[in-house]
Amino acid sequence: LEQSPLANQQTDVASLQASIAYHMNASLFRTQHNLEKVAVYQALAHSMADKLLLDWNRTQQRYRKDNPKRVYYLSMEFLLGRALDNAMLALHMKTAYQEAVQGLGFRLEDLLEQERDPALGNGGLGRLAACYMDAAAALDLPMWGYGLRYQYGLFRQSVQQGFQVEAPDDWLMRHHPWEFPRDIKYDVQFYGYVATKMNDKGESRLFWESDHKIRAVAYDVPVPGKDGFCGNIRLWASQPPHHGGFDLDAFNQGNYDQSIASLKDAFLLTSVLYPNDNHQAGKELRLKQEYFFVSASVQDVVHRFKRYRCPWSEFPNKVAFQLNDTHPTLAIPELQRILVDVEGLAWDDAWDIVTRTFAFTNHTVLPEALEKWPIYVMEKVLPRHMQIIYDLNLFFLQKVEEKFPGDRDLLNRVSIIEEASPQQVRMAFLAVVGSHSVNGVAALHSELVVKELFNDFSLYYGKDKFINITNGISPRRWLYQANPGLRDLITHTLGSEDWVADLPQLQKLAPFADNLEFQQQWMAIKYANKVRLTQWIRDDCGLTVDPRALFDIQVKRMHEYKRQFLNILGVIHRYRVLLQMSPEARRRVPPRVVIFGGKAAPGYAIAKLVIKLINSVADVVNNDPVIDDHLKVVYLPDYNVSLAEKIVPASDISQHISTAGTEASGTSNMKFVINGGLILGTVDGANIEIRDEIGEDNIFLFGTLADQVADIRHAQKYHGVLLDANLQSVLDAIQAGVFGDASIFNPLIDTLTYGGDFYLISEDFDAYIKRQNDVDALFLQKAAWAAKSIRCTAGMGFFSSDRSIGQYASRIWKVDKTALGNGS
Ligand code: 26Y
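Keep in mind it's a predicted model, so treat the numbers as computed, not measured. (Residues numbered from 1 in each chain as written. Predicted model: local features only at pLDDT ≥ 70, side-chain atom pairs only at ≥ 80, totals over all residues. Heavy atoms only, no water.)

So, on to the overall build of the protein. From N to C terminus, the protein includes 34 helices and 22 strands. Against the compact-globule benchmark of 28 Å for 824 residues, the protein has a radius of gyration of 27 Å, which places it among compact chains. Taking the principal axes of its C-alpha atoms as reference, the protein extends roughly 95 × 75 × 60 Å. Put simply, 76% of the contacts in the protein that link residues at least 6 apart link residues at least 24 apart. Summing over all exposed atoms, the protein offers an accessible surface of approximately 31900 Å²; the carbon and sulfur share of this is 51%. Distance between charge centroids for the protein: 2 Å, based on 85 positive and 98 negative side chains. (Helix = DSSP H or I, 4+ residues; strand = E, 2+ residues; numbered from the N terminus. Rg over C-alpha atoms; globule rule 2.2 N^0.38 Å. Contact = heavy atoms within 4.5 Å. Areas by Shrake-Rupley, 256 points an atom, 1.4 Å probe, with all protein chains shown as cover. Lys, Arg positive; Asp, Glu negative; His and termini not counted. Charge placed at Lys NZ, Arg CZ, Asp CG, Glu CD.)

Shown next, in the form of structure tokens:
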């Protein structure tokens with residue numbers, strides 16, 4: 001590093017070129033005659049990472065000296081997206097680098113495209129973690145992320161014959177300059193047995209012993225903040241515990257498989273991210289991942305705390321753990337185990353520390369997403385934790401019994417152990433009991449969390465424990481970086497870039513909403529973004545679409561509750577209506593490009609069938625000469641963060657149409673609206689608060705309300721589903737083979753009829769179609785549309801992740817984000 005020109009803070013163009021050249025030779029072992037784009041990208045990334053490492057060291061040394069209360073964001077997923085552009089912008093070095101690479105004969109845009117997305121997350125929850133780390137770094141808040149360094153991230157998706165095909169995401173095959181391996185390791189054990197032993201003080205204690213150990217090694221991922229401040233995400237990778245996992249005796253006896261058995265074990269543990277989003281698969285390996293992750297993280301935090309020789313009672317004043325959903329909940333019994341079994345604290349003292357340290361964020365009310373682990377699995381893998389959970393449960397139930405004597409039903413309902421066969425541990429209940437604060441992620445969701453999921457708990461604990469913190473997104477990645485055209489217009493209009501760190505300033509755009517000249521500038525940027533997306537669609541899908549058409553986008557994980565099915569059924573309806581129209585009538589409807597993107601969990605058959613249906617419809621519609629450019633259907637494969645950065649700024653309208661009460665928040669809705677995209681949505685999740693902020697007139701809402709859903713489902717159960725007439729003819733068309741072999745779609749169509757239309761597609765179909773017609777009508781009025789688009793952006797100040805993190809800091813973590821000064 002000493003020799004890297006960046007080490008002495010020279011950031012002029014010549015120095016940057018020198019540092020790129022240096023890394024070409026010293027890091028990549030290449031010569032100037034051997035310059036491919038990917039190599040230049042890598043040298044560039046190394047050069048940028050040098051600078052980050054310096055900032056990282058300075059920031060972390062300051063923490064070490066000041067020893068502030070620190071926050072640890074525990075998350076099994078971090079969906080970070082690409083690092084280079086983000087880092088260059090955060091450090092105000094993009095222009096200089098642009099010039100530097102130009103001088104070497106390259107375009108920076110091309111080089112940025114060489115970077116592969118680290119896809120260590122599934123969807124919303126993982127991306128939220130990334131936006132929160134970004135906000136903490138921007139606010140100089142001492143928060144670290146802890147997670148897993150999966151060897152393979154979320155699978156890569158391609159489409160073959162209309163079906164999703166999955167391939168492993170071998171993102172580490174090429175060297176990844178954005179992580180710093182550390183000489184920090186902890187052993188994590190599994191299985192074994194619990195024994196009684198005397199400790200140093202002559203007290204009898206329980207000890208968990210096992211020969212089955214796997215080593216966690218740390219990789220630190222820098223999170224660029226402001227003014228030389230740099231945050232951190234520590235990811236654990238699994239390694240064999242000793243001797244590199246090689247059993248020499250076994251080898252010498254010719255037992256080769258045996259000689260590397262523990263190596264395979266260790267490799268497998270963090271090899272792959274489970275690709276389920278909002279659906280528990282219940283695999284033992286996943287439980288082991290969860291424990292491996294929390295054990296290494298808690299050991300690391302305890303180790304750091306002990307450095308300062310504070311009494312244990314100080315622990316909650318120095319440490320706040322935030323559980324990103326239940327996935328890291330084992331951290332609760334793990335800390336209790338360390339305090340009691342290893343550190344020798346009394347049970348009650350330990351439990352007091354634990355419950356003052358943990359807080360829990362719930363991200364879903366869907367029953368299939370709530371983690372439960374069979375007791376027989378837990379007992380086998382984590383025998384001591386199972387005992388601790390039993391004890392915690394017993395003491396908890398005793399307290400409930402004291403408060404509400406004689407209510408056996410209540411005890412059954414709140415028990416951490418579910419009396420089913422097999423018996424299961426309810427991880428969400430464990431998280432509630434072990435935390436001092438529980439929050440949902442949008443107002444409606446938090447209300448449902450209290451009223452439905454944890455109603456009994458809120459009666460027992462009181463309402464204050466259950467709060468709402470509405471999600472937010474990073475304005476840096478999702479506007480400043482993804483939409484340079486709009487960024488510059490906003491900055492020019494508001495006179496400075498201060499709005500990025502103080503997003504409510506966007507409101508100052510509102511007075512320009514009806515200004516025709518401003519509207520033209522605004523819509524010209526939108527148009528340019530659409531042109532850019534059409535180029536991607538051409539390259540990725542071989543399809544030509546007209547950028548003047550209305551771009552109607554739905555990109556998110558494929559899930560029944562998100563109702564991509566409703567969208568494509570609506571497309572079929574539109575297709576049929578267009579076919580029946582006269583050519584003149586057809587010309588009065590604005591042409592549309594309907595764009596889908598998103599992955600389905602590999603085991604989720606119905607979601608995969610929706611992908612197939614979309615592609616089958618696209619095949620027919622896109623090749624129908626009568627329809628021509630009036631309607632195009634696009635399925636963009638391998639949706640990920642970097643693709644989102646291209647798609648989001650290019651939407652006219654995007655769809656967020658989950659069955660009311662099912663989408664906890666949604667965050668892409670925020671990304672689209674902040675970029676001046678209108679949304680068509682249900683009265684669900686954060687759509688509701690977006691409406692409150694931008695005004696009812698600037699959002700297209702429709703459909704059943706959350707509090708009506710139960711009654712409708714109930715009625716369906718008794719009277720069956722009477723399908724909407726338009727929907728029925730759409731289904732008839734599918735079944736008549738208009739979109740190819742109809743029989744493959746039968747299981748999909750059955751979800752609307754057999755056993756009731758659980759996601760209320762038929763119930764909402766008519767309202768959906770009508771709202772789409774409103775969208776058409778508005779799109780023809782260019783000025784009215786532009787005014788709404790401007791008001792959308794203007795009203796989005798509330799949804800900055802800086803606001804969310806500020807609320808977590810003051811309401812949950814009790815850390816003062818300004819206490820640390822300006823990061824110098
Ligand atoms: C363990 C397995 C059961 C599981 C794996 C992943 C369960 C859930 C998940 C992921 C959930 C998720 O991404 N939830 C989303 O969180 C976003 C951030 O709060 C919300 O905006 C979004 O509505 C919610 O679906």
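Still to come is the rest of the account.
The tally for this structure, following the rule as stated, stands at 0 disulfides. The thiol sulfur of cysteine 792 is not disulfide-bonded, and the nearest other cysteine sulfur, from cysteine 131, lies at 19 Å. (Disulfide = S-S within 2.5 Å.)

The next subject is the pairing of strand 6 (residues 193-198). By the bridge criterion, 6 bridges tie strand 6 to strand 7 (residues 204-209) in an arrangement that is antiparallel. In the sheet register, methionine 198 faces strand 7, and the bridge partner there is serine 204. (Pairing = 2+ DSSP bridges.)

The next thing to look at is the domain arrangement of the protein. Domains assigned within the protein are domain 1 (1-65 + 89-110), domain 2 (67-81 + 117-156 + 164-470 + 807-813) and domain 3 (475-716 + 768-797). On a C-alpha basis, the centres of domain 2 and domain 3 stand 36 Å from each other. Taking both sides of the interface into account, the surface hidden between domain 2 and domain 3 amounts to around 2400 Å²; carbon and sulfur atoms contribute 57%. Our count for the domain 2 to domain 3 interface comes out at 2 salt bridges. With its nearest N and O atoms 2.8 Å apart, the salt bridge here joins aspartate 134 to arginine 476. Summed over the shared surface of domain 2 and domain 3, the result is 12 residue pairs in polar contact (both at pLDDT 80 or more). Of the residues assigned to the side of domain 2 that touches domain 3, the class counts are 16 nonpolar, 11 polar and 8 charged. (Domains from an automatic or database assignment. Buried area = accessible area lost by both parts, 1.4 Å probe. Salt bridge = Lys/Arg side-chain N within 4 Å of Asp/Glu carboxyl O. Polar contact = N/O pair within 3.5 Å; in protein donor to acceptor, adjacent residues only side chain to side chain. Nonpolar A, V, L, I, M, F, W, Y, C, P; charged D, E, K, R; others polar.)

On to unusual backbone geometry. Of all residues except glycine, most have a negative phi; of all peptide bonds, most are trans. Put simply, serine 421 and proline 422 share a cis peptide bond, and its omega is 0°. Within the secondary structure, proline 422 is located in the loop between strand 13 (417-418) and strand 14 (424-426). Positioned with a positive phi, asparagine 67 is a non-glycine residue whose angle comes to about 45°. A residue is classified by how much of its surface remains accessible, and asparagine 67, at 14% relative accessible area, is buried. (Buried < 20%, exposed > 50% of the residue type's maximum accessible area, 1.4 Å probe, protein only.)

With that out of the way, let us pick up the site of the ligand. Of all residues adjacent to the ligand, which total 22 residues, the nearest are Leu125, His363, Asn471, Glu663 and Gly666. Here an oxygen atom of the ligand sits 3.2 Å away from a polar atom, N or O, in the side chain of asparagine 278. A distance of 2.8 Å separates an oxygen atom of the ligand from a polar atom in the side chain of asparagine 471. Protein contacts shield 97% of the accessible area of the ligand, which totals 580 Å² for the unbound molecule. Sorting elements by how many residues they give to the shell around the ligand places helix 6 (residues 124-138) first, with 3 residues. Broken down by class, the residue content of the shell around the ligand amounts to 6 nonpolar, 11 polar and 5 charged. (Near = heavy atom within 4 Å.)

Time to look at helix 10 (residues 284-306). Here helix 10 contains 23 residues, and its C-alpha end-to-end distance of 33 Å stays within 8% of the 33 Å for a straight helix at 1.5 Å per residue. Across the 23 residues that make up helix 10, a large majority, 18, are buried. (Expected span 1.5 Å × (residues − 1).)

A few words on the side chain of histidine 363. Inspection of the secondary structure assignment puts histidine 363 in the loop between strand 11 (358-361) and strand 12 (372-374). Looking at histidine 363, the relative accessible area reads 13%, which means it is buried. Polar contacts involving the side chain of histidine 363 include one to the side chain of asparagine 324, which spans 2.6 Å. Apart from residues lying up to four places away in sequence, histidine 363 is in contact with Leu125, Leu128, Asn324, Asp325, Val441, His445 and Ala664.

On to the environment of methionine 76, then. With respect to the element layout, methionine 76 can be found in the loop between strand 1 (70-74) and helix 3 (84-90). On a C-alpha basis, the gap between methionine 76 and threonine 326 in space is 9.7 Å, while along the polypeptide they are 250 residues apart. Among all residues touching methionine 76, those that are not within four sequence positions of it are Leu120, Leu148, Tyr150, Leu273, Arg286, Gln289, Glu290, Phe293 and His327.

What follows is about the side chain of serine 642. Relative to the elements of secondary structure, serine 642 occurs in helix 26 (residues 641-647). Residue classification places serine 642 among the buried residues on the basis of a relative accessible area of 7%. Excluding anything up to four places from it in sequence, serine 642 contacts Arg82 and Asp117.

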